[in-house]
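Overview (structure and organization)
Chain residues, written in single-letter form:
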Amino acid sequence: MKIKREIYTRTDVVLLFLDWVRPLKEHYSQGAANLEIGDNASHYNKRAAHMEGYARVLWGLGPLFASKNQNLSPTVLSEIASWKKLVRCGLINGTDPEHEEYWGDVGDYDQKMVEMAAIINAILLSPDTLWEPLTSAQHYAVCQWFSQINHHEVYNNNWRFFRILVNMFFLIKGCPDYNKKRMEEDWKVIEQCYEGDGWYFDGHIGQKDYYIPFAMHYYGLLYSAYMKNREPERCAILKHRAEQFLDDFLYWFDCSGREVPFGRSLTYRFAHSAFFSALAFSEAKVDLSVLKHMVLGNLRYWSSQPIFDNGGIMTIGYHYPNLIMSEHYNAPGSPYWSLKTFLILALPEAHDFWQCKEQEPVFKGHKILEKANMIAVHEDSGHTLLFPAGQHSHNFGNTQAKYQKLVYSNQFGFSVQRGHELEDGAFDNTLAVTVAQENEWHMKNGEEYYYVTTQFTRMKYMPIKGVMVETVVIPLRKGHVRIHFIQSDIEAEYADGGFAIQTEWEEQEMTPEMIYLTEEMASCDFPWGNAGAVCLKGSGQARIIKAFPNTNLMYGSTVIPTIYYCLCAGTHCVADYFFGDGIRGEISTNIGKNIEIPQVVCQSNMVEILYQSERIAIKNPF
């Protein structure tokens, strides 16, 4: 189900937000402290999940309440007033130990710690709704519930910001529960995660995903906005880091505001643009016209996707409901973390953000993101890609697919595994390997070493025991080349997968004449886009792999152009070319026959890639 509106003004955004949260109202508990909208499980209990549902809606409601909301109709103002009454009631009951809907005591590493941030931000943005009407006894109960975080263990990652924000709240409100020692401990952990040039890692070295913008920077920018008069030096540093980070992070999006799906927690969807909202809110020294375009463009994109069920509840998934790609911490209310982007509603109608004209960012074709160990590519068509190396995450669910693919695309997304055969493994944009005849395919999971240059990524890894692979990925103006240097003690099979392209679009379906297949080339030439794979060097056989349904994040049914090899023990050098574009319009006849294909030239110690006017030399490790 799509809930779509035109999105250009603050009023448009208010109406969109209310459309998106209105279906939740009937699912609040009688005391309004819990939101119950589904039955799937997470690693925390249902009590915490229901509390999470209540809290996450406040990421949008708090900013909405913060403004005078001028120029809205009496009907809309009445609806906003009813929301105020509802969530205030929930806050009072949820923090009252004597009430049956009390959220419960907080323990070590408790999910409720995460949700404290949304509640605190809402109170600080709209004290006339969520603080001033409360009695002194209710103030005490709220502070007592929050203060539990100071007495329990918190993860050494973005979670430290939750305790920072709690103690910031205590300091601002003059609560005696303020704990300076805890605040200093937590800032020390945050500083240990900072790597320079605006980049943090999220608790684990090598993990550079959307938690950097929508967590580490987002909370830092909130802090800088609330504490600028108390701690001007720290707040200036936090804003400066965010301003630096913007230069790189923009490259994860195309000119319309559509992002590249990469890493975990992708069910948070348009939270990917929340960083831009936080920059505007914090009065950072950046171009508001670009921020406005990226935030509103991202909301336009997501409003065109079927991310709600038939009852209007946001689902777990990406473009469509999909539990296969979810994390173990995704409860039914988790997707409403995405409402962090609506922080822009805290900016009044007269703010420059709303008054300025949108402006598209200007991108280079290729840019190395050094701290993220990535090359970002913006092809002429607008296809936006990230080529990472050395990314790593703990196992939150299908993390290999989320971090270890060779390339990530904003038009094709990526696929997650449902098994170990080629079809259910859905091995797009990776090299999958199996012992010959065993049909037990595996992709890489970590590297022995890696590095990134302005021209290519290079990594060495062992996908299965007895097979060592050194892969070089070279992005070109269109498509990319992969060279695999293989040293194997066993006979093994290899599948070099390309982009997973959808097999139907609206009322059109894939037909046999849309497939161009030869011994060396597999190309899908569809009315809605194209994708292909070409063997440049080696004994590869081109195939079209039909992936299991619902393995791709964007499209329920896909095929993957793939180059297959069966190689004996020994050393081998193979090279393949992959291309793809999600261009809509008339079918592009015989793209596979007409596309400009790179050449590979092998010398004694070098492999050269020749493409248009480019000549790229790759050292042969053998």
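In every chain, residue numbers begin from 1 and rise along the written sequence. Only residues with pLDDT of at least 70 get local features here, since the model is predicted, and only at 80 or more are side-chain atom pairs given and counted; chain-wide, interface and lining totals rely on the full set of residues. Computation of side-chain values: all heavy atoms of the structure, hydrogens and water removed.

1. A word on the pairing of strand 17 (residues 521-526)
Think of it in three bands: with a 1.4 Å probe and only protein chains considered, a residue is buried below 20% of the maximum accessible area for its type, exposed above 50%, and partly exposed in between. Going along the chain from the N terminus, every DSSP run of H or I of four or more residues is numbered as a helix, and every run of E of two or more is numbered as a strand. Burial analysis of strand 17 places six of its six residues in the buried class, which makes it a mostly covered element. Every second residue of strand 17 is oriented toward a common face, with Met521, Ser523 and Asp525 on one face and Ala522, Cys524 and Phe526 on the other, all of them buried. Any two strands are treated as partners once DSSP identifies two or more bridges connecting them. In this structure, strand 16 (residues 515-517) lies alongside strand 17, joined through three bridges in antiparallel fashion. Directly across from Leu517, in strand 17, lies its bridge partner Ala522. The turn linking strand 16 back onto strand 17 is made up of three residues. Relative to strand 18 (residues 529-537), strand 17 runs antiparallel, the two being bridged by six bridges. Across the sheet, Ala522 pairs through a bridge with Ala533, a residue of strand 18. Where strand 17 hands over to strand 18, the hairpin turn is made up of two residues, counted between the paired strands.

2. Describing the sheet that holds strand 8 (residues 449-452)
Here we have eight strands laid out as an open sheet, ordered 8-9-10-11-21-18-17-16, and antiparallel in their pairing. The outermost strands of the open sheet, each flanked by one partner alone, are strand 8 and strand 16. Within the sheet, the average angular offset between the axes of one strand and its neighbour, ignoring direction, is 20°. As paired strands, strand 9 (residues 457-464) and strand 10 (residues 467-475) are joined by six bridges and run antiparallel to one another. Bridge assignment links Arg458 to a residue of strand 10, and that residue is Val472. Axis lines are fitted to C-alpha atoms, over the contacting stretch for helices. Their N-to-C directions set the angle, which ranges from 0 to 180 degrees.

3. Quick word on the packing of aromatic side chains
Two aromatic rings, drawn from Phe, Tyr or Trp (for Trp, its six-membered ring), form a pair once their centres lie within 6.5 Å of each other, and the interplanar angle then sorts them: stacked below 30 degrees, edge-to-face above 60, tilted otherwise. Counted by the stated rule, this structure contains 55 aromatic pairs. Geometrically, the ring pair formed by Tyr329 and Phe396 is edge-to-face, given 5.6 Å between the ring centres and 75° between the ring planes. Taken together, the residues Tyr329 in the loop between helix 12 (288-303) and helix 13 (352-355) and Phe396 in the loop between strand 5 (384-388) and helix 14 (399-403) connect sequence positions 67 residues apart. The two residues Tyr329 and Phe396 agree in class, both being buried. Every member of this aromatic cluster is reached through a ring pair, and the members are Trp199, Tyr210, Phe245, Phe249, Trp252, Phe253, Phe262, Phe275, Phe276, Tyr403, Tyr408 and Phe414. Lysine NZ or arginine CZ positioned within 6 Å of the ring centre and within 35 degrees of the ring normal marks a charge as sitting over the ring. Across from the ring centre of Trp59, 5.1 Å away, lies the NZ or CZ of Lys340, which sits over that ring. Note that Lys444 overlies the ring of Tyr461, its terminal NZ or CZ placed 5.8 Å from the centroid.

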